[in-house]
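Residues per chain are reported as follows:
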Amino acid sequence: MRLAAALAAICCSGSAGAVDYQIHGYAAQGFVLSSHNDFFGDSTDGSFDYYEAGINAAVRIQPNLSFAIQAAVRDAGISDDGSVRLDYAVADYRVLSETNVQAGLRFGKVKNALGFYNETRDVVFTRPSILLPSVYSDNQNQRTLIFTSPGAQAYGATVLGQHELSFTGTFNAERDVRKNDERLLVELTVPFDLRVGDSWNLQVMDSIDGGRWQFAYSHFGGQFRMSTEIDLSGRFDVDLNVFSARFNAERVTLTAEYVLIDNDNRLTYLGAPFLRQRVAADSGYLQVEYRLGSNWAVMSRLDSFYRDRHDRSGHAFAAANPGIDRRTQFSHDFTVGIHWRPDQHWGFWAEHHWINGTAILQALENPPPLRHQRWSMLMLMAGYKF
Amino acid sequence: MNFSVHTPMLQRLRCLLAALLLTLAPGAVPQNSDLEVEVIVSPSLAEVTLDRSLLRAVFTMRVREWPDGTPIRVFVLPDDNPLSDQFYREQLGMYSYVLRRAWDRMVFTGTGFAPTVVRSEAEMIERVRSTPGAIGFVRKRAASSQNRPAPPRWKIVTITADGHG
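Note that the structure is a prediction, hence the values are computed from the model and not measured.

Criteria and cut-off values
- Residues numbered from 1 in each chain as written.
- Chains lettered and ligands numbered in written order.
- Predicted model: local features only at pLDDT ≥ 70, side-chain atom pairs only at ≥ 80, totals over all residues.
- Helix = DSSP H or I, 4+ residues; strand = E, 2+ residues; numbered from the N terminus.
- Rg over C-alpha atoms; globule rule 2.2 N^0.38 Å.
- Buried ≥ 20, exposed ≤ 12 C-beta atoms within 10 Å, placed from the backbone.
- Contact = placed C-beta atoms within 7 Å.
- Nonpolar A, V, L, I, M, F, W, Y, C, P; charged D, E, K, R; others polar.
- Pairing = 2+ DSSP bridges.
- Expected span 1.5 Å × (residues − 1).

**Q** Please provide a residue-by-residue account of the overall build of chain A, values included.
**A** Each helix and strand in chain A was counted, giving four helices and 19 strands. At 22 Å, chain A has a C-alpha radius of gyration in line with the 21 Å of a compact globule built from 386 residues. The C-alpha extent of chain A, read off along each of the three principal axes, is 65 × 45 × 40 Å. For chain A, with 386 residues in total, the buried portion stands at 41%.

In structure tokens, the structure reads:
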């Protein structure tokens, strides 16, 4: 451990002439033990099918021009497959860099700012808990859509008195969806291809009094386009609006976020409209973190997710879809967790979830019929970063 | 923000070394001011004056170059060092975990550099002395606090030991 730490300290940054560079990385292994339902693998028997790792390098050619790249792997039961991927590869050109105003442009495969945690959602050291709240759909399907994508990004920040206002706007180019993700997004008996069309993403944030208060609004607008060989095509529009608020005190951090997800799904067969479905899902949580000292912290969270905000109990859905349980339409998750950071490199997490409803489960991991509405889950994780 | 550079490099370096030798001399460190912190900068930036908003912009890594165009290189002590906490709280008006969160976000999104973490104050002084554009912080020492300007609301910073300060 000490050797690794020493190596990390030596190689993680430096400067060669005018060029500064940094190399950082992270790795974490999780364990999930659940009752009744499976989450991130065969977790009713205990699952280690949950890990994440990445390594990145950044080079600053001159103060206003830098390049950065990160390769990452993540495995999470059926919802992620552990394959190596290019997480980001970005050129950053700083146009304006003064004490109270900064602005710049980024190009390449960039991260989308959405809520407080989306950009670094796979690095446990940046999360408040092992599992992110359902606002971030950690076990769902939209991470492909919103996490990271090729595009152009403009950013800026300005200081006005106690307020630091920042802005990030991203235009994402059309891109393909990996086969492994396609099967999670669309259930269809014929072969199909799924692409994410042009999309855009925006975040504005007000950070007050050195970050004591933080408020953010984030928007994502995009669409999936599906094509098949049998003249059936689909277009699924997704709009996300995320409202975020956080209070940072010396020992306590209070966080609340709410997301409203509008889905507009259209299927066309032989060129004629075949199906039109509009659904608004929503999710929100209230979370408290308490730091016991510089190394220990505890957290607790109330988290709810509804597939249809106009049918929160799921009764209307069940009536319209015989054979499907209404309890697949919502999840309420009460979480308590503890977190130990013995030094700047290592971290250990443990948390327990008490869950009512099964909306956060993956259907492919939990084939119908529904097993249990009320279930619980113990999660453990150990991580290293440098 | 005020900024001026008008001393020849060699002379400034000598000033810095003299100041360092003074501060490192036995008996020069008062035992009762353990957690008074001061900012130190690279000798090439001897005349820089830092106010709170510039310091915040520097330590949150929002600005990347000094007004003369030199790249800013930030050095910090480990997060759990009491001196770090003291410095962030008193001089930046921020908590260390809020800063760490901002640095981690930059590092793992490719949008910025994190400060370089050094293991001790001795290493901090050495790295700041030898790195152009460097800035860091150390425990306040009596010898280096002489002959310094006293800007409003803000105890500075500069490692100049003679009449240029």
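Further notes follow.
**Q** Quick one: what's the story with the interface of chain A and chain B, residue by residue and with numbers?
**A** If you look at the interface, chain A gives 35 residues, while chain B gives 30 residues. Among the secondary structure elements, those contributing two or more residues to the side of chain A that touches chain B are strand E2 (19-34), strand E3 (50-62), strand E4 (65-76), strand E5 (85-97), strand E6 (101-111) and strand E7 (148-160) of chain A. Of all the elements, E5(A) adds the most residues to the side of chain A that touches chain B, at five residues. Residues belonging to the side of chain A that touches chain B are distributed by class as follows: 10 nonpolar, 18 polar and seven charged.

**Q** Lay out the sheet that holds strand E2 (residues 73-76) of chain B with the relevant residues and their values.
**A** Pairing between sheet strands relies on hydrogen bonds along the backbone, with the strands arranged either parallel or antiparallel. Residues and elements named next belong to chain B. Taking strand neighbours across the sheet as the criterion, the four strands line up as E1-E4-E2-E3 in an open arrangement whose pairing is mixed. Because the sheet does not close on itself, it has two edges, and the strands there are strand E1 (37-41) and strand E3 (116-117). Strand direction decides the pairing type here: E1 and strand E4 (residues 134-139), joined by five bridges, are antiparallel. Counterpart to Val41 in the pairing with E4 is Ile135.

**Q** I'd like a description of helix H4 (residues 96-107) of chain B, backed by residues and values.
**A** Over its 12 residues, H4(B) runs 16 Å from end to end, which matches the ideal 16 Å to within 8%, given 1.5 Å per residue. Along H4(B), nine of the 12 residues are buried, which leaves the element largely enclosed by surrounding structure. Where H4(B) is concerned, the buried positions are B:Ser96, B:Tyr97, B:Val98, B:Leu99, B:Arg100, B:Trp103, B:Arg105, B:Met106 and B:Val107. In this structure, the buried residues of H4(B) make contact with E2 and strand E13 (232-248) of chain A together with helix H2 (52-59) and helix H3 (82-92) of chain B.

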